[in-house]
Structure formats: C-alpha cells, structure tokens
Amino acid sequence: GAVVSQHPSWVICKSGTSVKIECRSLDFQATTMFWYRQFPKQSLMLMATSNEGSKATYEQGVEKDKFLINHASLTLSTLTVTSAHPEDSSFYICSAREPELGETQYFGPGTRLLVL
Amino acid sequence: SQKIEQNSEALNIQEGKTATLTCNYTNYSPAYLQWYRQDPGRGPVFLLLIRENEKEKRKERLKVTFDTTLKQSLFHITASQPADSATYLCALSRGGATNKLIFGTGTLLAVQP
C-alpha cells in the first residue's frame, strides 16, 4: 500500500517551453502533497507544500510563478515548470501524506528534467 | 537556521558486518525522525520512524536510536548485504497538519561482497 506514481519519469525539452509533471497517490487519499528538487549528489530540497483544494505554500527562494502547483483532487497534484531554462534541469520528486497513515511521507519515483 | 549532518563521506563495509550511520542536527527540535533509503535515480523509500520520546526502534535488520540530548540519531544495519548499498537519508519533522520534512545530506553506503 501507500504507492505514489509520477509521470513522466523523464523529459527533455527546449529552453522556454513549459513542462508539466503529475504526481498521483494510487491507493490512498493524500490530503497533503510535497514537491522536492534534487541536484546531483545533493539532498532533497523542499520546494512547496500543497493541500487539496487550496493554494500551495512555497519555500523561501522558490518562485511561485515559475513553478505552478495544482492539487485539484485528493489523488493528484501537478507541478508545471514554466518557461524552463537549463538551470531548471534537475530531479523532481513528489511525496504524499495522509494523516491516517501516520507521519510518514510516501515518495514517487521522481522525474528527471533536462532543459536544452 | 536548522542544520542536519550525516556522515559526509561514503561508508564502505564488508558483507556481514554492521553498518552504522550517523545523523546530527542543530537548531531544531524534531518530534519525529525518519530514515529513508534512496537508490540512484529513484525516489526515497521509507524505512523507519522514531518519535522524540522513543530511544530505540527496530525492524528486521534495522535499528534506529534517537538521543534528543545529543541531538543525534544512529542507524544500524546488521548482517549487511551488497543489496543494502544505497544512499541513506535522515529527515526531521515537527509533525502537525503539513509535517514538513527536512532532509540531511545523506550517506552513501557500499557493502562489499
């Protein structure tokens, strides 16, 4: 149980285009979803926290107009990287939490983004 | 600001030995401490959670200790196997409605056959 999927698993795009990444909780309802970014040989850095039906809370230094987050249902959150640039190339990972399952976050497999 | 440090270098051990990984933190009072495993190109996988009022937690070959006075957690893998080779991350949180996790730098464990 507590499986989280992400789509796509990898994406290559041209500079200036927008990319949408989906995060789904497959067998539980996620009241809260989190988006992280991980650069090579570094740890996960939280970008934003989203609760179903409300606006996302962004961490300091993360541009909310560049990284659009939508948590439209209890099983789906999307992250859209708008006008992507090469410096946005990274590994994006989502996680989901349902309080009835405890304090643990369940992570997706990640999406590798390469902006040319 | 809060800081979470793990063994900064890779840890190499022989198969069958016990691996011990360290997580130290400052400027933070976590209610929960969690350990995750991450394989290359994959998302983290939850291993164990320990609460601030717990000293030790075990699960199969895994053991976690939590010392809130020393601000330190130790993560042990007994009878290690090459399949245990991965990066191990500790993460702290205060719980609550959103339960934001703060991750440590991670330790790369390599178990030699």
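It should be noted that the structure appears before, not after, this text.
This section reports on the structure supplied with the text. Computed from a predicted model, the values in this text were never measured in an experiment.

Further remarks concern the overall build of chain A. From N to C terminus, chain A includes zero helices and 11 strands. In terms of C-alpha radius of gyration, chain A reaches 13 Å, essentially the compact-globule figure of 13 Å for 116 residues. In terms of overall dimensions, chain A has a C-alpha envelope of 40 × 25 × 20 Å along the principal axes. In chain A, of all internal contacts separated by at least 6 residues, the share reaching a separation of at least 24 is 55%. Working note: accessible area of chain A is about 5700 Å², and carbon and sulfur atoms make up 53% of it.

Now for the pattern of salt bridges. All chains considered together, the criterion is met by nine salt bridges over all chains. One salt bridge in this structure joins R97 of chain A and E103 of chain A, with 3.2 Å as the shortest N-O distance. Each member of the pair R97 of chain A and E103 of chain A is classed as buried. Here E56 of chain B makes a salt bridge to R58 of chain B, at a shortest N to O gap of 2.9 Å. Given the relative accessible area of 39%, E56 of chain B is considered partly exposed.

Our next topic: the sheet that holds strand β8 (residues 72-77) of chain B. Residue and element names in this part refer to chain B. Strands sit in the order β1-β3-β8-β7-β6 across an open sheet of five strands; the sheet is antiparallel. Edge positions in the sheet fall to β1 (3-6) and β6 (56-59), since each has one partner strand and no second. When strand polarity is set aside, the average angle formed by the axes of neighbouring strands in this sheet is 15°. Relative to β8, strand β3 (residues 19-26) runs antiparallel, the two being bridged by six bridges. Bridging from a neighbouring strand, T22 pairs with L74 of β8.

Moving on, we come to the state of the cysteines. Note on terminology: a disulfide is the covalent bond linking the sulfur atoms of two cysteines. Residue and element names in this part refer to chain A. Counting across every chain of the model gives two disulfides over all chains. Note on cysteine connectivity: C23 is disulfide-linked to C94, with sulfurs 2.0 Å apart. Measuring handedness by torsion sign, the sulfur bridge of C23 and C94 sits at about 80° and is right-handed. Of this pair, C23 sits in strand β3 (residues 19-25) while C94 is found in strand β9 (residues 90-97), placing the two residues 71 residues apart along the sequence.

On to the interface of chain B and chain A. At the junction of the two partners, chain B supplies 21 residues and chain A supplies 20 residues. Of the roughly 1600 Å² buried where chain B meets chain A, counting both sides, 53% is carbon and sulfur surface. Scanning the region where chain B abuts chain A turns up one salt bridge. The partner of E59 of chain A in a salt bridge is K100 of chain B, with the nearest N and O atoms 3.3 Å apart. The interface formed by chain B and chain A includes six residue pairs in polar contact (both at pLDDT 80 or more). Looking at the side of chain B that touches chain A, the elements with two or more residues in it are β4 (32-38) and β5 (45-51) of chain B. Per-element accounting of the side of chain B that touches chain A gives the leading share, four residues, to β4 of chain B. Residues that form the side of chain B that touches chain A fall into these classes: nine nonpolar, 10 polar and two charged.

Cut-off values and rules
Residues numbered from 1 in each chain as written. Chains lettered and ligands numbered in written order. Predicted model: local features only at pLDDT ≥ 70, side-chain atom pairs only at ≥ 80, totals over all residues. Heavy atoms only, no water. Helix = DSSP H or I, 4+ residues; strand = E, 2+ residues; numbered from the N terminus. Rg over C-alpha atoms; globule rule 2.2 N^0.38 Å. Contact = heavy atoms within 4.5 Å. Areas by Shrake-Rupley, 256 points an atom, 1.4 Å probe, with all protein chains shown as cover. Salt bridge = Lys/Arg side-chain N within 4 Å of Asp/Glu carboxyl O. Buried < 20%, exposed > 50% of the residue type's maximum accessible area, 1.4 Å probe, protein only. Pairing = 2+ DSSP bridges. Axes fitted to C-alpha atoms, helices over the stretch in contact; angles between N-to-C directions. Disulfide = S-S within 2.5 Å. Buried area = accessible area lost by both parts, 1.4 Å probe. Polar contact = N/O pair within 3.5 Å; in protein donor to acceptor, adjacent residues only side chain to side chain. Nonpolar A, V, L, I, M, F, W, Y, C, P; charged D, E, K, R; others polar.

Note that every value here comes from positions in space, so none of it alone points to a role or purpose.
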